[in-house]
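Structure assessment
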Amino acid sequence: AQSVTQLDSHVSVSEGTPVLLRCNYSSSYSPSLFWYVQHPNKGLQLLLKYTSAATLVKGINGFEAEFKKSETSFHLTKPSAHMSDAAEYFCVVIPRGTGFQKLVFGTGTRLLVSP
Amino acid sequence: NAGVMQNPRHLVRRRGQEARLRCSPMKGHSHVYWYRQLPEEGLKFMVYLQKENIIDESGMPKERFSAEFPKEGPSILRIQQVVRGDSAAYFCASSPETGVSSPLHFGNGTRLTVT
């Protein structure tokens, strides 16, 4: 079954420094991949999605992710962290052939941003 | 344009009681999904419904859990005879159509605590 692995449970950065949240997927073919963000006691918000078009995907709030087939990775980056970026981030895959939004979530990475 | 509305936000039940969670999708959305988030975990798919039909319930526990999405009114997730292990955040999401490209909008969740 297709899955995603988020390599870090917590990432701490200082405000203004780059953010890197790592995600690897398991699949023998290009899946549909997403990054979602969850702020405390809130629902999830879609940051960006990859659906086999451009490998560099730009999302909201300055985030972007690059699909690298050779590394089976879909890491999330942002050049400069803001305090409001502190949240839980989920890498998500929709298994091929599902036909609907049956999302498979990673275990999440909590991003901490210090002043 | 109101988003996905879930109520109640917090629900406390004693073991053995019933829990009813409600979800009103966004206006014009006829596809509803329920996901469960156990503490310190990512979300897990439970069920996918269209108006008056259950399309996929492969993530629902076989016993005590049921879901409906009637022609009129909100979608309901019902848990009978709750146990401590049912304590979790339950998220509803809706979309205007099926397909992996259709935007998915999440509610803020219902946090169920079983005492």
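The structure contained in this document is the topic of the report that follows. What you are looking at is a predicted structure, and each value in this text was computed from that prediction instead of being measured. (Residues numbered from 1 in each chain as written. Chains lettered and ligands numbered in written order. Predicted model: local features only at pLDDT ≥ 70, side-chain atom pairs only at ≥ 80, totals over all residues. Heavy atoms only, no water.)

**Comments concerning the state of the cysteines**
One pass over the full model with this rule turns up two disulfides over all chains. Between the sulfur atoms of Cys-23 of chain A and its disulfide partner Cys-91 of chain A the distance amounts to 2.0 Å. Where Cys-23 of chain A bonds to Cys-91 of chain A through sulfur, the torsion about that S-S bond is close to -65°, and the disulfide is left-handed. With Cys-23 of chain A in strand S4 (residues 23–26) and Cys-91 of chain A in strand S10 (residues 87–94), this pair connects stretches of sequence that are 68 residues apart. The pair formed by Cys-23 of chain A and Cys-91 of chain A is uniform in burial state, with each residue classed as buried. Note on cysteine connectivity: Cys-23 of chain B is disulfide-linked to Cys-92 of chain B, with sulfurs 1.8 Å apart. Judged by the sign of its S-S torsion, about -55°, the cystine formed by Cys-23 of chain B and Cys-92 of chain B is left-handed. Placement of Cys-23 of chain B in strand S3 (residues 19–24) and of Cys-92 of chain B in strand S9 (residues 88–95) is noted, with a sequence separation of 69 residues between them. Cys-92 of chain B carries the same exposure label as Cys-23 of chain B, and that label is buried. (Disulfide = S-S within 2.5 Å. Helix = DSSP H or I, 4+ residues; strand = E, 2+ residues; numbered from the N terminus. Buried < 20%, exposed > 50% of the residue type's maximum accessible area, 1.4 Å probe, protein only.)

**Concerning the sheet that holds S3 of chain B**
All names here are of chain B. Taken in spatial order, the four strands line up as S1-S3-S8-S7 in an open sheet, and their pairing is antiparallel. Two strands bound the open sheet, and with one partner strand each, they are strand S1 (5–7) and strand S7 (65–68). Looking at each pair of strands side by side, their axes are set apart by 15° on average, direction ignored. Looking at chain direction, S1 and S3 are connected through three bridges and run antiparallel. By the bridge assignment, Asn-7 is partnered in S3 with Arg-22. (Pairing = 2+ DSSP bridges. Axes fitted to C-alpha atoms, helices over the stretch in contact; angles between N-to-C directions.)

**Some details on the pairing of strand S4 (residues 31–37) of chain B**
Residue and element names in this part refer to chain B. Counting buried residues in S4 gives seven out of seven residues, a clear majority hidden from the surface. Alignment of S4 against strand S5 (residues 43–50), held across seven bridges, turns out to be antiparallel. Within the sheet, the bridge partner assigned to His-31 lies in S5 and is Gln-50. The turn joining S4 and S5, which pair antiparallel and follow one another in sequence, is formed by five residues; a positive phi near 65° is taken by Glu-40. Of the pairings in the sheet, the one linking S4 to S9 comprises seven bridges and is antiparallel in character. The residue of S9 that forms the bridge with Tyr-35 is Phe-91.

**Focus on the packing of aromatic side chains**
Here the structure, examined in full by the defined rule, presents twelve aromatic pairs over all chains. Residues Phe-63 of chain A and Tyr-89 of chain A carry aromatic rings whose centres are separated by 5.5 Å and whose planes lie at 45° to one another, so their mutual orientation is tilted. Residue Phe-63 of chain A is found in the loop between strand S7 (56–58) and strand S8 (64–68), and its partner Tyr-89 of chain A is found in strand S10; the two are separated by 26 residues along the sequence. For the pair formed by Phe-63 of chain A and Tyr-89 of chain A, the shared burial category is buried. Each residue in the set Phe-34, Tyr-36, Phe-90 and Phe-105 of chain A together with Tyr-35, Phe-45 and Phe-106 of chain B is aromatic and connected to the rest through ring pairs, giving one cluster. (Phe/Tyr/Trp six-rings, centres within 6.5 Å; stacked < 30°, edge-to-face > 60°.)

**Some points on the environment of Asp-85 of chain A**
All names here are of chain A. Within the secondary structure, Asp-85 is located in the loop between strand S9 (73–78) and S10. Accessibility expressed as a relative area gives 5% for Asp-85, which makes it buried. Along the sequence, Asp-85 and Thr-107 sit 22 residues apart, while their C-alpha atoms lie 18 Å from each other. At a separation of 2.8 Å, a polar atom in the side chain of Asp-85 contacts the side chain of Lys-78. (Polar contact = N/O pair within 3.5 Å; in protein donor to acceptor, adjacent residues only side chain to side chain.)

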